[in-house]
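# Tertiary structure, described
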Amino acid sequence: MRRGLIVPVLACLAAATALAATPYARADFKAGNVRGHVQQPAATPRDAHRPSVTGLGQTAHAPIDRSHAVVYIDAAPRQAFDALPAGRVRLDQRNQTFEPHLLAITVGTTVDFPNDDPIFHNVMSLARGNAFDLGRYPRGRSRSVRFDTPGIVPVVCDIHAHMSAYILVFSHPFFAITDDEGRFAIPNIPAGTYTLKVWSELGSADAKRITIADGTTLDVDFEVSQR
Amino acid sequence: MRPVLAMFALLLLPASAAAQLPDHPISNADGTATLGAEVSGSVSRRDNVAFFNYTDYDNNALRMARLRLTGEWRPHPQLSFLSEVRAGTNANVEVAALFARWRPVARWNFDVQAGRVPPVIGEFSRRAYGRDNPLVGIPLAYQYLTSLRPDALPATVDDLLRMRARGWRPSYPIGADTEAPGLALVSAFHWDTGIEAHWASDHLDLAAAITRGAPARPVVKETNRGLQWSGRAAVMLSAGFTAGISGARGQWIDRSVLDLKPVAAGVSTTQTFVGMDAAFERGHWIIRAEFMHVTFGLPVANAPTFTTPLASNAGFIEGRYRFLSRWQLAARAERLTFSDVRGTLFGGAATPWDAPVRRLEGTAGFRLARTIELRGGYQYNWRDGGRIRRLGVPTLQFLYWF
């Protein structure tokens, strides 16, 4: 279980909300960007099936892409909360896999969980503050959850143990998921000094202290080492 | 009892410590070998008289600790070898499953399994373990020990009637003179040895097997040179409804006993099984039902005797409702009946060959974590025979799996 990781990250995500109440030094909104690259270790096949000894045949599922990471600042200035882009996003269930495997959203966002498989799925999470159980539903049906608490939400299918996904819920918009090459970009961060962090399922990386100056773009690279 | 206590010591683990336990199967670097486990511990009051919950595993299903280790090695995408090693309260270690699974054509949903394989009949038979069973108890049809033994036979119907409600330790004049438990209608804990094939589509599921034993008497080593033929066909509707029919026929009496008691021509020595199962799964509900008609051919040569096979009907309906993410409620109602025979006992009246049993059980479960569950419940049994005819049993269960 990933509680050892989840607890400190949760604390960081919550800290963002707490710091938001602190008056920010700059009255005007000057912003810069941060971009960079996250070097990840090779993914291990943690999505292996539980040995299906009671089964009468093979069950096949698509491999899980665990190569992405989320880069985020651990606390944001007050003005970051004025207008959070809370909308709707999809987390599909297809070929007994959640697609995408990793989502990053702001609080208030609603996630739809459509089932595209010919079998029933039961999406659920026991994450503190974001626990839900959508029950069993068939192909063509979708159920939704609105996430109102910052934190990491491990999502599983209660029927198919090899199905897993992560949703990171932030109380500010300054985060990005790395692309297939590991690159990320977080635009329009209010000028100031922050701690930039990486969340990865495959390991951990040291946080970096960054200072964003108005109109500049900062390059920051991370190397995730395997736990 | 110590293993049970040890199991429940896990309950004292703080939640944070429990959360450090793995919740995914362990696999090697390339994912071709995986290891899973289930640890379960159940406690309830002692039952050394009525034996309502004793199993052919020689222990009380409501008072036992069990470790299951399951492994799969897949050297080729279409070929895997699976095994389960089990250790229980009585400290015995058993290779409960060991078989190869082969998918001849990758894009066909068709598999062949050979070795000590899971049963194809019924629905509960493939989910007898903690995680898949919403209650602590096992359905009567799969657990309750009837008075029949494969290694010892009654000489008369009266011998059989004397053993009513004594399935925990029936004894008969022909065959083995050692004490041993009787047979459940279908064994949920031991698997048969042979070969089976399975094909499934979105709406149809077919399975057939040829194995060595009988539904009540799965074997590894040959005991009677008989074969069991079994099969199941099920339809799955998109509404979440599944309905299946099953059938099986196999030799249940050991050859060593039949050699002692020459069987008259036309007298059956086989067990036949005909079953129906249905399941409805939708939202937070699961409702399942199963009914079976089982007959045992039993050669009894001395008067008073009978000619028809002994029959038994068993059925249950169970439901589970999950709420607030971590909680679930489950209940099961069931009945096990037996056909009448007539001897000189009971005033010569027609009497069921074993004592009919009814059972009600309810359980509340709480998930401490995704793969850790605590359950508490109550089971009540009624039996039309035996020294103890009614018994209520509170139960507690701890489950952990990965």
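Notes on the structure in this doc start here. Position numbers for residues count from 1 along each chain, tracking the sequence in the order it is written. Each chain is given a letter, starting from A, and each ligand a number, starting from 1, according to the order in which they appear as written. Local features in this predicted model are restricted to residues whose pLDDT is 70 or higher, and side-chain atom pairs enter the listing and the counts only when it is 80 or higher, whereas totals over whole chains, interfaces and linings include all residues. In computing side-chain properties, one takes all heavy atoms of the structure into account and sets aside hydrogens as well as water.

## Overview of the packing of aromatic side chains
Any pair of aromatic rings gets described here by the distance separating the centres and the angle formed by the planes. What counts here: Stacked, tilted and edge-to-face pairs are distinguished by plane angle, under 30 degrees for stacked and over 60 for edge-to-face with tilted covering the rest, among Phe, Tyr and Trp rings (Trp via its six-membered ring) whose centres lie within 6.5 Å. Per the convention used, a helix needs a DSSP run of H or I reaching at least four residues, while a strand needs a run of E reaching at least two, with both numbered from the N terminus. Note on classification: 1.4 Å probe, protein chains only; a residue is buried when its accessible area is under 20% of the maximum for its type, exposed when over 50%, partly exposed between these limits. Two conditions define a charge sitting above a ring: the NZ of Lys or the CZ of Arg must be within 6 Å of the ring centre, and it must be within 35 degrees of the ring normal.
Scanning the entire structure with this criterion turns up 20 aromatic pairs over all chains. Between Phe124(B) and Tyr142(B), the aromatic rings sit 5.3 Å apart at their centres with planes inclined by 45°, giving tilted as the arrangement. Of the two residues, Phe124(B) sits in the loop between β6 (110–117) and α3 (140–143) while Tyr142(B) sits in helix α3, which places them 18 residues apart along the sequence. A relative accessible area of 0% places Phe124(B) in the buried class. For Tyr142(B), a relative accessible area of 1% translates into the label buried. Judged by centre distance (6.0 Å) and plane angle (10°), the rings of Tyr321(B) and Phe323(B) are stacked. Under the relative-accessibility criterion, Phe323(B) is labelled partly exposed at 25%. Site record: aromatic cluster; members linked through ring pairs are Trp252(B), Phe296(B), Phe338(B) and Trp353(B). When the ring centre of Phe222(A) is taken as origin, the NZ or CZ atom of Lys208(A), which lies over that ring, is 5.2 Å away. Here the guanidinium or amino end of Arg332(B) rests over the ring plane of Phe316(B), the centre of that ring lying 5.6 Å away.

## A short note on the sheet that holds strand β9 (residues 132–137) of chain A
Hydrogen bonds between backbone atoms are what pair the strands of a sheet, whose relative direction is either parallel or antiparallel. All names here are of chain A. Which entries qualify depends on this criterion: Strand pairing is defined by DSSP finding a minimum of two bridges between the two strands. With axes taken as lines fitted to C-alpha atoms, and helix axes fitted only over the stretch in contact, angles between N-to-C directions fall between 0 and 180 degrees.
Read from one edge to the other, the open sheet built from five strands follows the order β6-β12-β11-β8-β9, with strand pairing classed as mixed. The open sheet has two edge strands with one neighbour each: β6 (102–106) and β9. Strand after strand, the sheet turns through a mean of 20° between neighbouring axes, direction not considered. Sheet analysis places strand β11 (residues 151–157) next to strand β12 (residues 164–170), joined by six bridges and oriented antiparallel. Each residue of the ladder has a partner; that of Val153, found in β12, is Ile167.

## Examining the environment of Val111(A)
Residue and element names in this part refer to chain A. Quick note on the threshold: By definition, residues are in contact when any of their heavy atoms lie within 4.5 Å.
As for its position among the elements, Val111 is in strand β7 (residues 109–114). Residue classification places Val111 among the buried positions, given a relative accessible area of 0%. Between the C-alpha atoms of Val111 and Ile167, which are 56 residues apart in sequence, the distance is 9.4 Å. Discounting chain neighbours no more than four positions away, the residues touching Val111 are Val89, Leu91, Leu103, Ile105, Arg143, Ser144, Val145, Phe147 and Ile167.

## Overview of the interface of chain A and chain B
Test applied: Buried area is calculated as the accessible area (1.4 Å probe) missing from two parts once they are joined, with the contributions of both summed. Just to be clear on terms, a salt bridge is a Lys or Arg side-chain nitrogen sitting within 4 Å of an Asp or Glu carboxyl oxygen. Polar contacts here mean pairs of N or O atoms no more than 3.5 Å apart (in protein, one a potential hydrogen donor and the other a potential acceptor; neighbouring residues in sequence count only if both atoms are side-chain atoms).
Chain A puts 35 residues into the contact, and the matching count from chain B is 64 residues. For the pair chain A and chain B, the two sides together bury roughly 4,000 Å², of which 51% comes from carbon and sulfur. For the interface between chain A and chain B, the tally reads four salt bridges. Remark: the boundary between chain A and chain B carries 15 residue pairs in polar contact (both at pLDDT 80 or more). Among the secondary structure elements, those contributing two or more residues to the side of chain A that touches chain B are α1 (3–20), β8 (121–125) and β9 of chain A. Per-element tally for the side of chain A that touches chain B: the top contributor is β9(A), with five residues.

## With respect to the pairing of β12(A)
On any regular strand, side chains alternate: one points to one face of the sheet, the next to the other face. All names here are of chain A. In terms of burial, β12 is largely enclosed, as seven of its seven residues are buried. Alignment of β6 against β12, held across five bridges, turns out to be parallel. Bridge pairing in β12 links Ile105 to Val169. Where β11 folds back onto β12 in an antiparallel hairpin, the turn is made up of six residues.

## A few points about a nonpolar patch on the surface
All names here are of chain B. Put simply, the rule reads: What goes into a patch is any residue over 30% in relative accessible area without a salt bridge, connected to like charges within 9 Å or, for nonpolar side chains (Val, Leu, Ile, Met, Phe, Trp, Tyr), within 5 Å. Each accessible area value is a Shrake-Rupley result obtained with a 1.4 Å probe; residue values ignore everything except the protein chains displayed when judging cover.
Together, Ile26, Leu35, Leu67, Leu69, Val85, Val93, Val95 and Leu98 make up an exposed nonpolar region whose accessible area comes to about 630 Å². Of all the elements in the fold, those that place two or more residues in the nonpolar patch are β3 (65–76) and β5 (93–102). Among the elements that take part in the nonpolar patch, β5 stands out by supplying three residues, more than any other. Inspection of the secondary structure assignment puts Val85 in strand β4 (residues 79–88). For Val85, a relative accessible area of 31% gives the class partly exposed.

## A closer look at the sheet that holds strand β14 (residues 183–190) of chain A
Residues and elements named next belong to chain A. Sheet architecture is open: three strands sit in the order β14-β1-β18, paired in mixed fashion. The strands lining the two open edges of the sheet, one partner per strand, are β14 and β18 (217–223). Pairs of neighbouring strands in the sheet enclose a mean axial angle of 20°, with direction left out of account. Examined bridge by bridge, strand β1 (residues 31–39) and β18 share seven bridges and lie parallel to one another. Looking at the pairing, Val34 lines up with Leu218 of β18.

## Examining the side chain of Glu72(B)
Examined against the element boundaries, Glu72(B) turns out to sit in strand β3. In this structure the side chain of Glu72(B) is engaged in a polar contact, spanning 3.4 Å, whose partner is the side chain of Ser80(B). Beyond its immediate chain neighbours, meaning those up to four positions away, Glu72(B) contacts Pro51(A), Ser52(A), Thr32(B), Ala33(B), Thr34(B), Ser80(B), Phe81(B), Leu82(B) and Arg101(B).

## Quick notes on unusual backbone geometry
With an omega dihedral of -5°, the bond running from Glu99(A) to Pro100(A) counts as a cis peptide bond. Structurally, Pro100(A) can be placed in the loop between β5 (97–99) and β6. Backbone geometry places Leu324(B), a non-glycine residue, at a positive phi of 50°. Mapped onto the elements, Leu324(B) comes out in the loop between β15 (310–323) and β16 (327–338). Despite not being glycine, Ser325(B) has its phi angle at roughly 65°, a positive value. Looking at the element boundaries, Ser325(B) is found in the loop between β15 and β16.

These figures come from the coordinates and say nothing about function on their own.
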